[in-house]
Each structure stands twice: as structure tokens, then as C-alpha cells.
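Residues per chain, in single letters:
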Amino acid sequence: MPTRELPEKSEITIIGGGIVGVTIAHELAKRGEEVTVIEKRFIGSGSTFRCGTGIRQQFNDEANVQVMKRSVELWKKYSEEYGFPFQQTGYLFLLYDDEEVETFKRNIAIQNKFGVPTRLITPEEAKEIVPLLDISEVVAASWNPTDGKASPFHSTAKFALHAEEFGAKLVEYTEVKDFIIENGEIKGLKTSRGTIKTGIVVNATNAWAKLINAMAGIRTKIPIEPYKHQAVITQPIKKGSVKPMVISFRYGHAYLTQTSHGGIIGGVGYEEGPTYDLNPTYEFLREVSYYFTKIIPALRELLILRTWAGYYAKTPDSNPAIGKIEELSDYYIAAGFSGHGFMMAPAVAEMVADLITKGKTDLPAWWYDPYRFERGELRGKALQMG
Ligand SMILES: Cc1cc2nc3c(=O)[nH]c(=O)nc-3n(C[C@H](O)[C@H](O)[C@H](O)COP(=O)(O)OP(=O)(O)OC[C@H]3O[C@@H](n4cnc5c(N)ncnc54)[C@H](O)[C@@H]3O)c2cc1C
């Protein structure tokens, strides 16, 4: 399990032990690289353990569809190899008018082009998939049975364990405080528990990424801001009641599904920020109850057990910043996942490991170019739920 010992030196140091930092470490260690993760609290304690579990390939641009197709392949591969549940129970987007249907037809065409088998289905077909749905206002649905969900706790822990087996060091309760830089080269990091000598650093702190960029003296404009998003879990109900992730943009940008324990988990678009505050609010509780019961009226009977909050680390186009920052050798960033970083992590890990070990990658990393903000080349807004 993660150690508290800070090594004296490490070739590569990843700041942040969320799913992104851990999967990058796993991929690098698997390739034989010497890698250390430094995490200020415990592994998964940032947004990762607060997320909604969803993993989808239904995006609205070619890059994200390709990356998520690869990510789902990796989720499948590692869940089988490492024995954590990844259930391909699908994503069901409920559509309520012609405009929504037209938009989703365009998205489906992009997804089909890369072999993601999404199709438009009728309200009756949607009700066969989730019998509890109220389809009285639904005109169609976008359905991809190969999307899915995974437990953030279970999967992050397994990736961490196997990263360690490949030789990665995961150091918890250690906060990076400063960079040691000489002539534009990283020499080490100062932490709350001493100094580590290192040449290559990856900023995988998502909601805290701008603070690490500032520590490194990065002048390139990489706008990533923390927004508070909340989630809810209900008492458990009969297993298999809500198999896929159900999405309704019409009703509050709601997303909901059932966990393996049987509770209904999900959230709505309700957002506050930029802020580092994480207190759940009454307003969220009211909104989530209203919208969820519009989508599945039977949820009225259920007790809400708990609400909590986490960060969406948002960029102006809802796409992360992934790549090398040339101002400093060798500094990489993989942050700003705008509410869909859990699902992306395995493919992002491959991308970042490729960039570090080979200087290039077959995945469309250019889409996430950290310099695009400064160049004024924002991407089409990635389909963001919530
Ligand atoms: C309510 C909610 C629902 C969501 N639902 C989904 C979903 O269904 N599907 C999906 O894909 N995504 C979802 N997300 C988004 C997802 O949680 C994030 O995109 C993902 O967890 C980001 O992982 P990460 O490793 O980049 O960041 P984090 O998990 O936040 O990890 C960053 C780590 O960096 C550490 N750190 C920060 N500063 C320092 C420092 N100075 N020194 C050392 N360590 C430091 C932090 O402690 C933290 O552990 C959701 C988010 C929320 C809040």
C-alpha cells in the first residue's frame, strides 16, 4: 500500500494522486520508468472519490470519441486483469424535442464513424431498458450499450496497487510546496516532508492545477478553475432497477444510475464557483429531488441518504489541458477535466506516458493542447453533463 517515505530522487514525479495521477504512474511504471506520485492527502481524496462513476463514449467531437473509445478498451482490459467491476450497462440520453434529436443525430454519426455503436431509439425502447422511466414527454433517446460505470474507489485502488507492483512509489500526506528550478530546468520539488530530486514533473492536480502552474512559474495562460458540483445517493433499491446512466438535459442536466450497492447516485447541472468551498447546499437537494422525480417518478418513495460535493476543474471549452509546457524542461500537465476526467483517465495515462517516453502519441492529444487558450483556438465545447 502507499508509503509515507519520500524517496530522495525519482526520474519522473507526478503531483496529485487522483485517478489521473495514479493511472499515469501505473502506465509509466509498467513501461519500466522510475516514477513517484506525491499526494497531499490520501490516494483518491480529491474529485476522484466524489465522482458519479460514469464512463461514456457519447461525445460530440472526433477527438473525444476516439480517446474515449480507447479508454473504454482499457477500462475493460484492466477491470478483467485486476478484478474490479466495470459494467457496460450503457448510457441513455433522453431527448424531448426535434432540436435535441437533430443534435444527437449529428453526435451519433461522429460516434458511429469510429465504431462506437450508438443509435437513436424510441421512447418505448428506452422504457424497455429502464422500465421505471416516465416517457410521456420523451420523443427519442440516444443509446450506446458499450458505455458504462465503474467504482472510483475500487478502480483507483487497483490501479494504485498494480502501479506499486510495477515499482511506482505512491507517497501520501505530502504536499508539494515549491519547485527547484535552475536555468529553466527542473531539479527537484520541495514538499511538506522534504525535498525530492527529479527532472520530469507531471501536474495532475486538476482543480489545484493553477496553483502548481504558478509554483512552477508558468506564464502560459492555462485557465482552469474549480467549480463546486454536488451529488446524491439514495437508500438501496432492487438491483438492476436502473442499469444504464440516464441523462436528461431537459430536466436540469440530470444524470443518474444505480450503484452496485443498489443506491441511486447522480447529480444535476447546479454549479457554484469558481470556489474551493465544498459544503453541500439545500438548493442542490431541492433541485436534484425535483428533477430526478420528473425522470423516474418512483424515486419519490426513496430516502436520500447523503449529499456531498467535489470539483469540476473547468476550462473555457470543457476540454482538459494535456501536454508538455515548453517554458520549463520537462513539465507536463494533465488537468482541467471539466467533469469527465474519471472516464478519460486510462487513455490519458497512455497519452501522457507516450509523450514522456516517445515524444509523440497516436491518440489525438493535439485536441487538448495546453497552448490553445493563449492562441485563442478554443475547441468545440465538449459534451459536459451537469
Ligand atoms: C459530483 C461529481 C460527479 C462527477 N461525475 C463524473 C463522472 O460520472 N464521470 C467522470 O468521468 N468524471 C466525473 N467527475 C469528474 C471527476 O471526478 C474528475 O474529472 C476526476 O476525478 C479528476 O481526477 P484527477 O486525478 O485529475 O483529480 P483529483 O482526483 O482531484 O486528484 C488531484 C489530486 O491532487 C492532489 N493535490 C493538489 N495539490 C497538491 C499538492 N500541492 N501536492 C500534492 N498533491 C496535491 C489533491 O489532493 C488530489 O487528490 C465528477 C466530479 C464531481 C465533483
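Bear in mind the structure is a predicted one, so any value in this text is a computation, not a measurement.

(A) Structural context of the packing of aromatic side chains. Overall, the coordinates contain 22 aromatic pairs when judged by the stated rule. Between Trp208 and Tyr276 the ring centres are 6.4 Å apart and the planes differ by 20 degrees, which places this aromatic pair in the stacked class. Here Trp208 is found in the loop between strand 12 (194-203) and helix 6 (209-215), whereas its partner Tyr276 is found in the loop between strand 17 (271-272) and helix 7 (282-295), with 68 residues between them in sequence. Trp208 gets classed as partly exposed once you look at its relative accessible area, which sits at 24%.

(B) Main features of the sheet that holds strand 8 (residues 148-150). Ordered in space as 3-8-4, the three strands form an open sheet in which the pairing is antiparallel. Of all the strands in the sheet, just strand 3 (54-55) and strand 4 (86-87) have a single pairing partner and so form its edges. Relative to strand 8, strand 4 runs antiparallel, the two being bridged by two bridges. Its bridge partner being in strand 8, Gln87 is matched across the sheet by Lys149.

(C) Region of the structure containing helix 3 (residues 98-113). Between the first and last C-alpha of helix 3 there are 23 Å, a value that for 16 residues agrees with the 22 Å anticipated at 1.5 Å per step. On its buried face, helix 3 is in contact with helix 2 (62-82), strand 5 (91-95), strand 6 (119-121) and strand 7 (140-144). Downstream of helix 3 by one or two residues, Gly115 has phi in the positive range, about 85 degrees.

(D) View of the domain arrangement of the protein chain. You can read the domains of the protein chain as domain 1 (9-49 + 153-224 + 317-367) and domain 2 (88-146 + 225-314). Each of domain 1 and domain 2 was reduced to a C-alpha centroid, and the two centroids are 30 Å apart. Taken together, the contact between domain 1 and domain 2 spans 13 residues of the former and eight residues of the latter. For the domain 1 and domain 2 pair, buried surface summed over both sides reaches about 920 Å², with 55% attributable to carbon and sulfur atoms.

(E) Looking closely at the side chain of Thr118. Mapped onto the elements of the fold, Thr118 is located in the loop between helix 3 and strand 6. A polar side-chain atom of Thr118 sits 2.7 Å from a polar atom in the side chain of Gln111.

(F) Here's a closer look at the nonpolar core. Among the nonpolar cores identified, the biggest contains 70 residues, and Ile14, Val20, Ile24, Ile55, Trp75 and Val348 are the most heavily contacted of them. For this core, the element with the highest residue contribution is helix 8 (residues 341-358), accounting for 12 residues. When neighbours within four sequence positions are excluded, Ile55 is seen to be in contact with Met68, Val72, Trp75, Phe86, Tyr91, Asp147, Gly148, Lys149, Ala150, Phe342 and Met343.

(G) Molecular detail of the packing of helix 1 (residues 19-30) against helix 8. Their axes nearest at 8 Å, the elements helix 1 and helix 8 cross at an angle of 40 degrees. Relative to helix 8, the element helix 1 is oriented oblique. Two packed elements cross with a definite hand, and for helix 1 against helix 8 that hand is right-handed. Counting all contacts with helix 1, which are made through Ile19, Val20, Thr23, Ile24, Glu27 and Leu28, the residues of helix 8 involved are Gly341, Phe342, Ala345, Pro346, Val348, Ala349, Glu350, Val352, Ala353, Ile356 and Thr357. In terms of residue class, the contact of helix 1 with helix 8 is made up of 12 nonpolar, three polar and two charged.

(H) Spotlight on the layout of surface pockets. The volume enclosed by the largest pocket comes to roughly 860 Å³. Along its surface, the largest pocket is lined by 49 residues, and Gly46, Ser47, Thr48, Asn206 and Tyr311 are the ones closest to its centre. For the lining of the largest pocket, the element with the most residues is strand 18 (residues 304-314), which contributes five residues. When the residues that make up the lining of the largest pocket are grouped by side-chain class, the tally is 24 nonpolar, 20 polar and five charged.

(I) Seen up close, the pattern of salt bridges. One pass over the structure, following the stated rule, counts 23 salt bridges. Across the salt bridge formed by Asp354 and Arg31, the nearest N and O atoms sit 2.9 Å from each other. With a gap of 323 residues between them, Asp354 in helix 8 and Arg31 in the loop between helix 1 and strand 2 (35-38) connect regions that are remote in the sequence. The salt bridge partner of Glu225 is Lys210, with a shortest N-O separation of 2.8 Å. With a gap of 15 residues between them, Glu225 in strand 13 (residues 225-234) and Lys210 in helix 6 connect regions that are remote in the sequence. The class for Glu225 is partly exposed, based on a relative accessible area of 28%. Exposure remark for Lys210: the relative accessible area of 29% places this residue in the partly exposed category. What you see here is one network of salt bridges that share partners, running through Glu27, Arg31, Asp354 and Lys358.

Criteria and thresholds
Residues numbered from 1 in each chain as written. Predicted model: local features only at pLDDT ≥ 70, side-chain atom pairs only at ≥ 80, totals over all residues. Heavy atoms only, no water. Phe/Tyr/Trp six-rings, centres within 6.5 Å; stacked < 30°, edge-to-face > 60°. Helix = DSSP H or I, 4+ residues; strand = E, 2+ residues; numbered from the N terminus. Buried < 20%, exposed > 50% of the residue type's maximum accessible area, 1.4 Å probe, protein only. Pairing = 2+ DSSP bridges. Expected span 1.5 Å × (residues − 1). Contact = heavy atoms within 4.5 Å. Domains from an automatic or database assignment. Buried area = accessible area lost by both parts, 1.4 Å probe. Polar contact = N/O pair within 3.5 Å; in protein donor to acceptor, adjacent residues only side chain to side chain. Core = buried A, V, L, I, M, F, W, Y, C linked by side-chain atoms within 4.5 Å. Axes fitted to C-alpha atoms, helices over the stretch in contact; angles between N-to-C directions. Parallel < 35°, antiparallel > 145°, perpendicular 65-115°, else oblique. Left-handed = near helix turned anticlockwise from the far one by under 90°. Nonpolar A, V, L, I, M, F, W, Y, C, P; charged D, E, K, R; others polar. 1 Å grid on protein atoms, 1.4 Å probe; cavity = no way out; pocket = protein on both sides within 12 Å on 5 of 7 lines; lining within 4 Å. Points joined across faces, edges and corners; volume = space filled by probe spheres on them. Salt bridge = Lys/Arg side-chain N within 4 Å of Asp/Glu carboxyl O.

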